[in-house]
Amino acid sequence: MDKLKNMLARILPAYAILPLIFCFLWNNVVYGGSRLINQGLTHYDLTIEFDRMTPVVPEFMLVYFGCFVTWGIFYIMCGRVSREYCARFVAFDVVTRTVCGIIFLILPTYNVRPEVLGTGIFEKLLLFLYEIDAADNLFPSIHCLVSWNCFVGLRNSGYYKKRTVALSAVIAVLVFISTLVTKQHVIADVISAVIISEASWFVCNHTGLYKCVKKSMEWLDLLRKQKRE
């Protein structure tokens, strides 16, 4: 049992577990909460000619669903760099999602999904996606935002090799494409996600906002220590 605990601790230190769980929970609160509040409000379609020209490519469902795995891996990689860097990354991630929530409330959006032709596995996955995810809360794209957050987090850590950072960038771009060719999002949703991510990193790390998260982590450490004693 001790060996297992030590192995897990090497993968994700104890200090990072609750902060990263909070990121996941806050994402769900923002996404689901804003959707409930927006019910009955006027929604706007930001589709432009570029989006209408973009073809439907159901095969990109592999990327669209597969990125959930890479998100988990990359978030853990950012959280395990150091205690302080975990605080920086978590603060940054929470701010990006908070900004999204505000925009969702100010500018509710939707798009018109196309008719899905074909009966292959990828077409069925696309139809499944349309069934479980309503065409709202689109601007900015959470899918694109989280993917770019992973890249920003790894890029600024100074801990991982350039090829690892480059891989996260390639995956993010593939996710961008997947959101467009599955008609889940339009180009405005993609661009706004990148802008929010980059701006939030700058703000969090030039205002000391991350120190609030760091203090919360220290308080959690103290509680754990007292519990062991």
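For the structure, check the block above.
To start, this report covers the structure provided alongside it.

Rules behind the numbers
- Residues numbered from 1 in each chain as written.
- Predicted model: local features only at pLDDT ≥ 70, side-chain atom pairs only at ≥ 80, totals over all residues.
- Heavy atoms only, no water.
- Phe/Tyr/Trp six-rings, centres within 6.5 Å; stacked < 30°, edge-to-face > 60°.
- Helix = DSSP H or I, 4+ residues; strand = E, 2+ residues; numbered from the N terminus.
- Buried < 20%, exposed > 50% of the residue type's maximum accessible area, 1.4 Å probe, protein only.
- Lys NZ or Arg CZ within 6 Å of the ring centre and 35° of its normal.
- Axes fitted to C-alpha atoms, helices over the stretch in contact; angles between N-to-C directions.
- Parallel < 35°, antiparallel > 145°, perpendicular 65-115°, else oblique.
- Left-handed = near helix turned anticlockwise from the far one by under 90°.
- Contact = heavy atoms within 4.5 Å.
- Nonpolar A, V, L, I, M, F, W, Y, C, P; charged D, E, K, R; others polar.
- Polar contact = N/O pair within 3.5 Å; in protein donor to acceptor, adjacent residues only side chain to side chain.
- Salt bridge = Lys/Arg side-chain N within 4 Å of Asp/Glu carboxyl O.

Ring pairs (aromatic) are described by centroid distance and by the angle formed between their planes. Using the criterion set out here, one finds 12 aromatic pairs in the structure. Ring centres of Phe92 and Trp201 lie 5.1 Å apart, and the angle between their planes is 85°; on these two criteria the pair is classed as edge-to-face. Of this pair, Phe92 sits in helix α5 (residues 83-106) while Trp201 sits in helix α9 (residues 187-206), placing them 109 residues apart in sequence. On the accessibility criterion, Phe92 (0% relative accessible area) is buried. By relative accessible area, which is 12% here, Trp201 ends up buried. One residue, Arg88, lies across the ring of Tyr210, its end atom 4.0 Å from the ring centre.

What follows deals with the packing of helix α2 (residues 14-38) against helix α4 (residues 61-79). Packed helix pairs are specified by the crossing angle of their axes together with the interaxial distance, meaning the distance between the axes. Relative to each other, α2 and α4 sit at 130°, their axes nearing to 10 Å. Classified by the angle their axes make, α2 and α4 are oblique. Handedness of the α2/α4 crossing: right-handed. For the pair α2 and α4, contact is made by Tyr15, Ala16 and Leu20 and by Tyr75, Ile76 and Gly79, respectively. When grouped by side-chain class, the residues that make up the contact of α2 with α4 number 5 nonpolar, 1 polar and no charged.

A word on the side chain of His185. When you line up the elements, His185 lands in the loop between α8 (162-181) and α9. The class for His185 is buried, based on a relative accessible area of 7%. Here the side chain of His185 touches Ser141 through a polar contact of 3.4 Å, side chain to side chain. There is a polar contact of 3.2 Å between the side chain of His185 and the side chain of Asp189. Discounting residues that sit within four places of it in the chain, His185 has contacts with Asn111, Asn137, Leu138, Ser141, Thr179 and Leu180.

What follows covers the pattern of salt bridges. Going through the model one piece at a time under the given rule, you end up with 7 salt bridges. A salt bridge links Arg35 to Asp133; its shortest N-O distance comes to 3.3 Å. Here Arg35, found in helix α2, pairs with Asp133, found in the loop between α6 (121-132) and α7 (142-157); they are 98 residues apart in sequence, far enough to count as distant. With relative accessibility at 15%, the residue Asp133 sits in the buried group. Where Asp93 meets Arg97, a salt bridge forms, and the shortest distance between an N and an O atom there is 3.2 Å. Of the two residues, Asp93 and Arg97 both sit in helix α5, 4 residues apart, roughly one turn of that helix. The structure contains a network of salt bridges with shared partners spanning Arg35, Asp133 and Asp136.

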